[in-house]
Amino acid sequence: IEVYNRKAQLHSKCRFLFDKSDHVVLCHVSNTSGGDSISRYQSLSQGWNFNLLNNKYSAVTKISCKGTQSPRLEWKLGTLAAGSFLDRQTFMQKFTFRGEDLKVSFSQTGHLMKISIGNSYRIECSLLKTAILEFGLASWEKKECHLFIPLESIPVMLRKTGEEEKQVRREVDHEFLKWLAIHPVLMLKIALTEEDDWVKLRNVFSSPNVIPFPVFDSKINIRTEDSESLNDQQSMDLGQEFLEMDFESKRTILNAEWKVLIKHSDLVMNPPRIEVENLMKEIRSNFLIGNKTESMRTALACSFTSRKHESYWKPFKHILNEERKLLTSVSESTLKCLESPIPDNHVQLLRLVVTPSRLIFQPGVPVFTSRLTRMLAGSHNLVVVSFRDENMQKRLGDVFQRIERFLADGIDVNGRKFKFLCASASQIRDHKAFFVEVQCLSEIYSLRKLIIAEPDHFNTSAKYLSRLGLFCTADKPTIDIPLSMVKEIDDEKAGDGTLVTDGSGFIKKSCALEVFKQIGEEVPSAFQFRYNGMKGVLTVLDDAYVEARKPGAKILYRPSQKKFDSDHITMGVVKCAKAHNLYLNREAITLLESLYRNGKEKETWHLPNALINLQEKFLENQADMFLSSIEARETLMQYLPSQEVKDIGEYFDLRREPYWFRLLRHCHVFGVTDLCKKTNIPIKNGCLAMGIPDFTNTLDNDEIFLQVCKDDEPSKIIEGTVFMYRNPCLHPGDLRIVTAVNKPELHCMKNVLVLPTASDFSLSAMCSGGDLDGDQFSVIWEKELVPPKRLQFKALDYDKLPGNPPDVQEDAWSQPNLSRFFVDCMQNEMLGRVAHMHLALCDILDSGAVDPMAQKLAESQAVAVDYPKTGVAPKVPKEALEKVKDSGYPDFMQKKTSESYPSTKTLGKLFQASKSYLFGFEISEEEYRKIPLDQSLLVPGYKEFIATAEHIYKDYIVDMKYLMHQFSLKSEEEVILGKAIKLHSLLDADREKVMLSLKENFQALQRKYKNIIVNHENVKNNIEAMASACYYVAYNQNIKLGNRPFLSFPWVVGEYLTAIKRRDCRIPPKTLESVIHAELGESAKLVVGKLFPNLKNTVKEKEQIFVSVKEAIESKHSSGLFDISPYGSTSVFLCEAESDLDICITVLPEAFNKIQSKNKEAFENLDQLDKSRHFLENFISPAVDEIFDEKIDLIKLDVPVIKGAIGGTNIDLSCNIVGLLKTNFLLTIFEKSPELFVVFWIIVKWARYSELIKYLDKDNAHFLTAEMYALVVHLLRLKIEDQSSVATSGSMVKDLSSLMSKIGPESYTSVGEKLHNFFKLGQGLAKEELTINWPIPEAPPVVISAANVYVFSKACSQA
């Protein structure tokens, strides 16, 4: 027995299976009684109890038993059960299917497991999504095998409604699903009826394309016990004492209990129900006896529990107690702050997810207040409820009856009753709603009447719910304005009768000054608002103008702005007019290309080239931030306060200082990811602006006025031909080509798009049916992108679109009717699906968006957008659905589940040119680099404050982690910049508002800690020494305060660090190069650790094939005739599973004696090439006939070769001595410098992914693999003094393992340095033909064309 004295989790991908204290033991099972070894092992697994050292330790074993045939996919089941593990070898069975016709079938491609339960039910379980605890356990008996799969989400259960497989409906109320939600381990008792069934089943377990996680053997004892009660809603008796408490105390208890419920619904944590109930009782009882601090401590400890560093077997109670110990040292003041770290005008909203089988509690998120949240702030608890499937997606199938029940009847949470109150249009689209804690339904009706006093005036639920939703809009409350000062003016119409002032009114400048003084902001030219029962935009005009229209009025509104009567008179500011940076998206690019492809202006309007050039320019700018300190500052100023960045950037090199470098890296990742995944191309000559009507009536048809004033830049009035559109834009007529003009009368309007009123039509309505109630319009004046005017397509009349009109109802305001409408919205919610389908359809159709089929689909999208407001359902053309279904999706949509094809249109080319950016290294933060300390920031006396700074730093870490937890973020950079790489699906629909709220929350946290540091009682006049100590505790890696340092901590008092630096004026330590080398090295180590097992298996499989070929040849001809050696990618361990196996046949002198004497003279007159042809054709080819599945002799080629295949692996047999010499050269390089193998391996991986060299079945590579090897050798200046043969073991697998064993942890910084140098040097190659001479005399020079050098240089620049 060989024991590896290292932590087991470092050896395995199954971090949940192993504890830190576990050991991996490599055992050899003696085969003493004959038979094959796998049968002997099977006997062991059936008879052994899987215990070691007198049953002191339990064990699991892992063996690979991959057969040569395809795995058997269908199996009969004896039992299907839900339950949970009591320990590693005891399973508690809770709900069981027995005695029915049970079968399980696995998928060989989709990782989908289907379980049939008689003729009644089918369970579908995605093993990638529902079972991502990364392991399964198998317990073997002679005639059966129990397979245990711990789940992280609940599978789908379907009731069969007919004979066809698709004739099913989703089952949501079955007890089996409810038991799985509480005891989330799936047990399958698989029947082994045939003698060799165990071999076939092990083949299934060993096939990662069938079961994508390892299955370990163990011996599991199965127990059953009486069932507890089942209820997916938590209920407790509130008690009289609780009911008599004040509202704030009740809210505090709810927030504390919510933290426990979050863990209760987390299947990975899976705390026992009794422990959850005890925790909630403890929180309540502590609160009731006055021990509020202990209640908070318990709740907070519960929220911090995680299995990030713990196994599946660690009891929840143990993890909780560890967190409790950590929190004993956290001050009471910090605990209190953690309960309410909420900035002004924010409220923390609790979140709950209703799935088909359970309730999932989510952490509260601080969001901007709305009129609704402010109205209920002191009296009612609000919860945002989302309806999702088990994987948090909106694909709910046919479970709407359950959802309607929750909407109509409410949700019970620990004895509290939450009922459906209202939802905004955007919430309905995202399947969300506000639920409020009430005692009875009549209270709900009373609350709604506080918003709309006369609900009987509405005859459709759609209109009533959309009006209630106006109170859900986040806004900033300002001053009260009496209704007597708010007066109505008429709406204005265009020549065709459409409104040109829809949603837009006026406000006096003096009144606007009061409004914006209240929130501390400058007065814009216009702003979106909520007031009374009104919504829309108010344009800020001189008092005289408003006074002339209606004397005594402060606000002039139009009929189109008033939606209902209300007595709310507080002005709420929703959004200010601002010229936002513009990003061209896929929809707009699709429309532009459709006009381009259907026009005849291709010689004058070079749209595809313009788009590709813009993308390349953006990517170059993304790299410039690391090369230029000015670019670094400019980049960070887009996300952070400009003056702060300027001040710090004056004395610190932001590219090299570790904290600021991290921020830059995040900016780069965010920008590139957005470009690659969404084709968001930034447009410098363009902006996104709020639309307002022309109050001067001076603009003519197709004229606009736009004056842009961004940040510190001077104002700029746009003139000339431009195009404009509004998202979503799917119809070709949504893109309008107009003229921007300079009108002196409108110079007072900045950062708003002024549209004509004295015109024949409504320009806003032509842009996707837009209006002027806050809609943002994209305007682009980039000359290369603006289409010729004659290409403009006829606009769609959005008012005349076909649809299914809503039903007129009595009691449209009633709970059942509103619930029914909400569910109808969910069932008819097609917005995202139609947009995706339209994008795919436009790529499939030659004419793109101009095609009549695409236009019909665009029309249905327009109806779908307004469905939550109107109740008018869209009609989706079936022929469009079928077209996309038959053709598949273009590659740029990155669909995982559908057939995909490489797009040849512009979007496809943009994606293919940028997708190499998606090949990236994940930076290991658990083994983070040594962060350099800038000694110039350590001022005299700082050591006296280290203890104080450390104490504050601990609190800061807790606060930051809590903020990250609330917004489901992974790094502090996302918090600081307010930019999430990947936002939780529950928050992504409101990304803009969520990110704005995140920024404000972090700014509030900064203010809090700056105040703590500056005003600490120990500091007095030594603030710089204190700031220096804060810097030291965050940057000093010897202080163990968590896996990842929060480097943002000292920059809370960044002005004091800047002051220290200003005085010192020393050059900061040069860290950038070493940082890049160290991080690339750490990243390379991760890549190697992840991919090496697969490489080893691949080399092993190739070697087995090589050995079979060699043995076949040597069985026909004695071993002294030919030297048979592998060369190429397999021989130097740079192969993929799909790589060819290259074999070199070296003809030895003895082979010449086999030539018959009568032919010898003629043979000796042949040149070397023809001699090789002779031996390949007459000796080698016949010898491999029997073992090759297929074979073709290409003997007449300039390089004669025999091509064949064995088991899917292509084989090339040749006499390529030069290839063998190159192999020997590389192996010698690797032998002398083992880290160079890792460098080669990663570069070749990158080159394959970037399609520089051949990968999979794609033939669009620019280079041969050997040419890429030559480039690496050339750029890294590799050479050897002695070209002697490398000593090998005779086994490629052993040689590979030996090579890897020589690469120690310290080697990886060198790996990082060489990778960095390679890409730098590659980027700098001159755009001319390149000739490379191998350091081998026999090898011919490698010539790379100027075009390919350019491609390679650009790829290196991107990397």
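Read on for a plain summary of the structure. This one's a predicted model, so the numbers in the text were calculated from it and none came from an experiment. (Residues numbered from 1 in each chain as written. Predicted model: local features only at pLDDT ≥ 70, side-chain atom pairs only at ≥ 80, totals over all residues. Heavy atoms only, no water.)

Considering the overall build of the protein chain
At step 1: Along the protein chain, the regular secondary structure elements total 44 helices and 45 strands.
At step 2: Per-residue burial for the protein chain yields a buried fraction of 55% across its 1359 residues.
At step 3: Look at the contacts in the protein chain between residues 6 or more apart in sequence, and 74% of them connect residues 24 or more apart.
At step 4: As displayed, the protein chain offers around 59,600 Å² of accessible surface, 48% of which is attributable to carbon and sulfur atoms.
At step 5: Of note, the protein chain has its 170 positive side-chain charges centred 2 Å away from the centre of its 179 negative side-chain charges. (Helix = DSSP H or I, 4+ residues; strand = E, 2+ residues; numbered from the N terminus. Buried < 20%, exposed > 50% of the residue type's maximum accessible area, 1.4 Å probe, protein only. Contact = heavy atoms within 4.5 Å. Areas by Shrake-Rupley, 256 points an atom, 1.4 Å probe, with all protein chains shown as cover. Lys, Arg positive; Asp, Glu negative; His and termini not counted. Charge placed at Lys NZ, Arg CZ, Asp CG, Glu CD.)

Brief notes about the sheet that holds strand β42 (residues 1201–1206)
At step 1: In spatial order, the strands read β39-β40-β43-β42-β41; together these five strands make up an open sheet with mixed pairing. Strands at the two margins of the open sheet, each flanked by one partner only, are β39 (1122–1127) and β41 (1190–1194). In this sheet, neighbouring strand axes are inclined to one another by 20 degrees on average, regardless of whether the strands run parallel or antiparallel.
At step 2: By the bridge criterion, four bridges tie strand β40 (residues 1141–1147) to strand β43 (residues 1209–1214) in an arrangement that is parallel. Bridge assignment links Leu1141 to a residue of β43, and that residue is Ile1211.
At step 3: Packed onto the sheet, helix α39 (residues 1217–1232) meets β39 and β40 and runs at close to 60 degrees relative to β39. (Pairing = 2+ DSSP bridges. Axes fitted to C-alpha atoms, helices over the stretch in contact; angles between N-to-C directions.)

Some remarks on the environment of Glu282
At step 1: Of note, Glu282 is situated in helix α6 (residues 273–288).
At step 2: Taking relative accessible area as the criterion, Glu282 reaches 25% and is therefore assigned partly exposed.
At step 3: In this structure, the C-alpha to C-alpha distance between Glu282 and Glu257, residues 25 residues apart in sequence, is 9.9 Å.

A look at helix α20 (residues 642–651)
At step 1: Restricting attention to buried positions, one finds in α20 the residues Val645, Ile648 and Gly649. When α20 is viewed along its axis, its buried side chains cluster within an angular range of 100 degrees and face the same direction. (Arc of directions from axis to C-beta.)

A word on the sheet that holds strand β28 (residues 570–576)
The strands making up a sheet associate through backbone hydrogen bonding, with each pair oriented either parallel or antiparallel.
At step 1: Taken together, the seven strands give an open sheet; going across it, the order is β22-β28-β25-β26-β24-β27-β23, and neighbouring strands pair in mixed fashion. The strands lining the two open edges of the sheet, one partner per strand, are β22 (476–480) and β23 (486–488). Strand-to-strand twist across the sheet, computed as the mean angle between neighbouring axes with direction ignored, equals 35 degrees.
At step 2: Contacting β22, β24 (504–508), β25 (526–531), β26 (534–541) and β28, helix α15 (residues 509–519) crosses the sheet at an angle of about 130 degrees to β22.

Regarding unusual backbone geometry
At step 1: With an omega of 0 degrees, the peptide bond running from Asn727 to Pro728 counts as cis.
At step 2: With respect to the secondary-structure elements, Pro728 resides in the loop between β33 (720–725) and β34 (736–740).
At step 3: A positive phi is found at His431, a non-glycine position, where the angle reads about 60 degrees.
At step 4: Positionally, His431 belongs in the loop between α12 (425–429) and β21 (432–437).

Some thoughts on the packing of α20 against helix α34 (residues 1054–1064)
At step 1: For the pair α20 and α34, the least separation of the axes is 9 Å and the interaxial angle reads 30 degrees. Here α20 lies roughly parallel to α34, going by the angle between them. For the pair α20 and α34, the crossing hand works out as left-handed. Across the interface between the two elements, Asp647, Ile648 and Tyr651 of α20 pack against Thr1058, Lys1061 and Arg1062 of α34.
At step 2: Here the contact of α20 with α34 is composed, by residue class, of two nonpolar, one polar and three charged. (Parallel < 35°, antiparallel > 145°, perpendicular 65-115°, else oblique. Left-handed = near helix turned anticlockwise from the far one by under 90°. Nonpolar A, V, L, I, M, F, W, Y, C, P; charged D, E, K, R; others polar.)

Some points on the pattern of salt bridges
At step 1: In total, this model carries 48 salt bridges according to the counting rule given.
At step 2: Notably, a salt bridge pairs Arg558 with Glu492, separated by 3.9 Å at the nearest N-O pair. Separated by 66 residues along the polypeptide, Arg558 in the loop between β27 (555–557) and β28 and Glu492 in the loop between β23 and β24 bring together distant segments of the chain.
At step 3: Shared partners join several salt bridges into a network, and the residues in it are Glu257, Arg284, Arg416 and Glu437. (Salt bridge = Lys/Arg side-chain N within 4 Å of Asp/Glu carboxyl O.)

Comments concerning the packing of aromatic side chains
At step 1: Overall, the coordinates contain 51 aromatic pairs when judged by the stated rule.
At step 2: Judged by centre distance (5.9 Å) and plane angle (15 degrees), the rings of Tyr659 and Trp1051 are stacked. Placement of Tyr659 in helix α21 (residues 658–678) and of Trp1051 in the loop between α33 (1023–1035) and α34 is noted, with a sequence separation of 392 residues between them. Considered together, Tyr659 and Trp1051 belong to a single accessibility category, that of buried residues.
At step 3: Judged by centre distance (5.2 Å) and plane angle (85 degrees), the rings of Tyr956 and Tyr1009 are edge-to-face. Placement of the pair is Tyr956 in helix α29 (residues 946–966) and Tyr1009 in helix α32 (residues 991–1014), with a sequence separation of 53 residues.
At step 4: Tyr956 sits in the buried class, given a relative accessible area of 0%. (Phe/Tyr/Trp six-rings, centres within 6.5 Å; stacked < 30°, edge-to-face > 60°.)

Brief notes about the pairing of strand β8 (residues 121–126)
At step 1: In terms of burial, β8 is a largely internal element, five of the six residues being buried.
At step 2: Sheet analysis places strand β7 (residues 112–117) next to β8, joined by six bridges and oriented antiparallel. Along β8, the bridge assignment pairs Met113 with Cys125.
At step 3: Between the antiparallel neighbours β7 and β8 lie three residues, among them Gly118 with a positive phi of about 60 degrees.
At step 4: Strand direction decides the pairing type here: β8 and strand β11 (residues 156–160), joined by four bridges, are antiparallel. Looking at the pairing, Glu124 lines up with Val156 of β11.

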